[in-house]
Each structure stands twice: as structure tokens, then as C-alpha cells.
Amino acid sequence: MDLLQLKYFKVVAEQEHITKSAKLLMVSQPYLSALIGRLEEEMGGQLFDRDGRRVVLNEYGKILLHHVNEALQHLEDAKKEISDMRSRDTKYIRLGSSSTMLSKRWLVDFLKEHEDIRLAHLLSPHSDIMEGLLSGRFDFGLTTNKFDHPRIISIPLWKDRYTVLVGAKHPMARRKKIYLKDLKDEKICALPEDQSKLRIVDELCKKTDIELDFVLEGNVEVLSDYMREGRGVSFGLSSAKDTYIDICSIPLADEVGEVSIYLSWCGERYLTNSMLTLQRYLSDVGRRIESEL
């Protein structure tokens, strides 16, 4: 069994079609069929169930695919580690985040302090971030809850408090605190339902038996534009209270208004010096934020 066989096997397993896989790999269909046949001989049995031109992994094939994925990932990590040692550092970090609010306090300052590091900050739903950490598409995930997966490590950075966001022209803009019950006649602006656990309003409404009127869903910037006109209210985090122009962040008085922020990564992956730098920086940020709240 060689590396080429494993790579070709993975493609066939994903495509579930010999001819399509052969075209994708730019090899002949007979060659690919023979290669898979030799692999099955080496493994001691069929790895696919045949249905016409389609091939579907059987239980034996699924076992092999699991180990092939791990082996190929280990090879990728080895290449990355070797490259990192040769260049002393890999400067590019891919961060998947569930909201821009989680990075408002630190992102600009981090890049100012570490001008040699390049950071891709990508907004994604929680499920996509987990998939991205496992596949290597993301190096880190910054979310409002940890991931329940044996391959992913999640560490708490800080505990934050939910706030109510209103435009400076809104009648409640001068309030010192706001209860959820105060919002029952307000138009609610919220993040898309599938985007983020920061859509805390859903959970809070269940606990308080309050039905709120949703008027707008969108990203934080779109919500802010609407609220600056004195229309609608939304929810934010205390740590990001001073980051939006003409938007007031007022503490949510209900006792349930607290959330933990987590940094997550795949425990099987090699962390470059740049990644470790970001990891340490965010731990320091978390300590500062908690000391202020």
C-alpha cells in the first residue's frame, strides 16, 4: 500500500463513482479500477459495494477511510511543521468566528503589535466552524460556546455579559439598565438564527415567557445602521460596548444575561509560533476583559 493508492482511494470514496474519479485524477478508468482492486486485495476484502457505475463504501471501506484521513492529515501536519521550522514561522492564521463582536476589543491592536502576522477573520455558523477546525480550513474558532467533539480543544477566554443595544436617538438610550420585559413592545433586530449563539434573545424569551417582535435580521453593521435612526433594539456584549458609533450599550438587568467566550482548535494539529502568539494574546485579553466587567 502506497501514498498514491490512499489518495486515489479517498477520491473514489468521496465521488462514489470510478469514471468521475478517474477524470478528476486525470487517469484512465481501467487504471483506477485496477488500483482499487489491488488495494482491496491488500486489505483482504471488498471496500466498496457496487451499484452499476456507482461505488459506495461498505463498513470495511469506512474503517479504512477513517484511517486514511488521519494518515493524510498527519502528513499535512508534518509538511506544515517542517515548513514552519525552515522559515521559523508561518505567519498566516485563519480564524472562524461566530460574530464580529467577539473580536472588536483585540483584533486591531493584535495586528498593530504583530505586523508580521496575517490574519483571516471569517464569520461562520457554529457548525461550519467545527467542520472547519476538523478539516483544517480554520486554525482557531472564537465562539460563545465550546465544541463537544473529542478532537477539538476549547478553552474559556472570558465571561461576558449581554447588553441591550439601542440607537442614541432611542427613548431608552439614557437608561442605566434594561429588563427583557421592557422590550415587549419594541422592534427587535437580531443576528440570523443559524449564525450565532449570540442570538441570545431566543433563549431568554423561552425563560421569561416573553414574545418579542422581530423586524430585522442581519449582520451587526446592518442592524446598527437601522438602530441609529432610533428604531429597534438588539443585543450585544459588554466587552464590545464602545465599538459602534451612535449606539448605546445598556446592561441587561436579567440575571441570565451572561455568556462564556471560547477559543477552540483541533488538538491533533500542529500550532505554529504565530498561532501560539495569538493564543497567548487572547488569554491576556480575556483576563483584562474579566477584570473590567
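All of these numbers come straight from a predicted model, not from anything done at the bench.

**Description of the overall build of the chain**
At step 1: Within the chain, the regular secondary structure consists of nine helices and 11 strands.
At step 2: Evaluated residue by residue, the chain yields a buried proportion of 46% over its 293 residues.
At step 3: Long-range contacts, defined as pairs at least 24 residues apart, comprise 74% of the intrachain contacts of the chain with a sequence gap of at least 6.

**Topic: the pairing of strand S9 (residues 233-237)**
At step 1: Across the five residues that make up S9, a large majority, five, are buried.
At step 2: Residues Val233, Phe235 and Leu237 line one face of S9 and the alternating positions Ser234 and Gly236 line the opposite face, and both faces are buried.
At step 3: Both strand S6 (residues 152-167) and S9 contribute to a ladder of five bridges, which runs antiparallel. Note that in S9 the partner of valine 164 across the bridge is phenylalanine 235.

**Comments concerning the packing of helix H1 (residues 3-15) against helix H3 (residues 29-43)**
At step 1: It is the contact of H1 with H3, at a shortest axis distance of 10 Å, that shows an interaxial angle of 110 degrees. Viewed along their axes, H1 and H3 adopt a mutual orientation that is roughly perpendicular. For the pair H1 and H3, the contacting residues are Leu4, Gln5, Tyr8, Phe9 and Val12 in the first and Tyr31, Leu32, Leu35, Ile36, Arg38, Leu39 and Glu42 in the second.
At step 2: Class assignment for the residues of the contact of H1 with H3 results in nine nonpolar, one polar and two charged.

**Side note on H1**
At step 1: With 13 residues, H1 should cover 18 Å at 1.5 Å per step; its first-to-last C-alpha distance of 19 Å lies within 8% of that length.
At step 2: Among the residues making up H1, those that are buried are Gln5, Leu6, Tyr8, Phe9, Val11, Val12 and Ala13.
At step 3: You can read the cap of H1 off the contacts: a side-chain oxygen lies 3.2 Å from the backbone nitrogen of leucine 4, and it is on aspartate 2.
At step 4: Count one or two residues on from H1 and you reach glutamate 16, which has phi positive near 55 degrees.

**So, the side chain of serine 21**
At step 1: Locating serine 21 in the fold gives a position in helix H2 (residues 18-25).
At step 2: Accessibility expressed as a relative area gives 0% for serine 21, which makes it buried.
At step 3: Among all residues touching serine 21, those that are not within four sequence positions of it are Val11, Val12, Gln15 and Leu32.

**Quick look at the environment of arginine 53**
At step 1: Secondary-structure assignment places arginine 53 in the loop between strand S1 (48-51) and strand S2 (54-57).
At step 2: Among the residues examined, arginine 53 registers a relative accessible area of 68% and is labelled exposed.

**Structural notes on the confidence of the model for the chain**
At step 1: Averaged over the chain, the pLDDT score is 84; the fraction of residues at 70 or greater is 89%.
At step 2: Across residues 194-199 the pLDDT falls below 50, and counting only partners more than four positions away or on other chains, this stretch makes 24 contacts in the model.

**Points about the packing of aromatic side chains**
At step 1: Applying the stated criterion to the full structure yields four aromatic pairs.
At step 2: Between phenylalanine 110 and tyrosine 281, the ring centres sit 5.0 Å apart and the planes meet at 70 degrees, which makes this aromatic pair edge-to-face. Of this pair, phenylalanine 110 sits in helix H5 (residues 107-113) while tyrosine 281 sits in helix H9 (residues 273-292), and the two are 171 residues apart along the sequence.
At step 3: On the basis of relative accessibility, which here comes to 0%, the residue phenylalanine 110 falls in the buried class.
At step 4: Here the aromatic rings of phenylalanine 140 and tryptophan 265 are separated by 6.0 Å at their centres, their planes lie at 80 degrees, and the arrangement is edge-to-face. With a gap of 125 residues between them, phenylalanine 140 in strand S5 (residues 140-143) and tryptophan 265 in strand S11 (residues 258-266) connect regions that are remote in the sequence. Tryptophan 265 shares its class with phenylalanine 140; the two are buried.

**Some remarks on the packing of H2 against H3**
At step 1: At a minimum axis distance of 9 Å, the contact between H2 and H3 shows a crossing angle of 110 degrees. As far as their axial angle goes, H3 and H2 are roughly perpendicular. Between H2 and H3, the residues in contact are Ile18, Thr19, Ser21, Ala22 and Leu25 and Gln29, Leu32 and Ser33, respectively.
At step 2: Considering only residue class, the contact of H2 with H3 consists of four nonpolar, four polar and no charged.

Conventions we followed
- Residues numbered from 1 in each chain as written.
- Predicted model: local features only at pLDDT ≥ 70, side-chain atom pairs only at ≥ 80, totals over all residues.
- Heavy atoms only, no water.
- Helix = DSSP H or I, 4+ residues; strand = E, 2+ residues; numbered from the N terminus.
- Buried < 20%, exposed > 50% of the residue type's maximum accessible area, 1.4 Å probe, protein only.
- Contact = heavy atoms within 4.5 Å.
- Pairing = 2+ DSSP bridges.
- Axes fitted to C-alpha atoms, helices over the stretch in contact; angles between N-to-C directions.
- Parallel < 35°, antiparallel > 145°, perpendicular 65-115°, else oblique.
- Nonpolar A, V, L, I, M, F, W, Y, C, P; charged D, E, K, R; others polar.
- Expected span 1.5 Å × (residues − 1).
- Polar contact = N/O pair within 3.5 Å; in protein donor to acceptor, adjacent residues only side chain to side chain.
- pLDDT = per-residue confidence, 0-100.
- Phe/Tyr/Trp six-rings, centres within 6.5 Å; stacked < 30°, edge-to-face > 60°.

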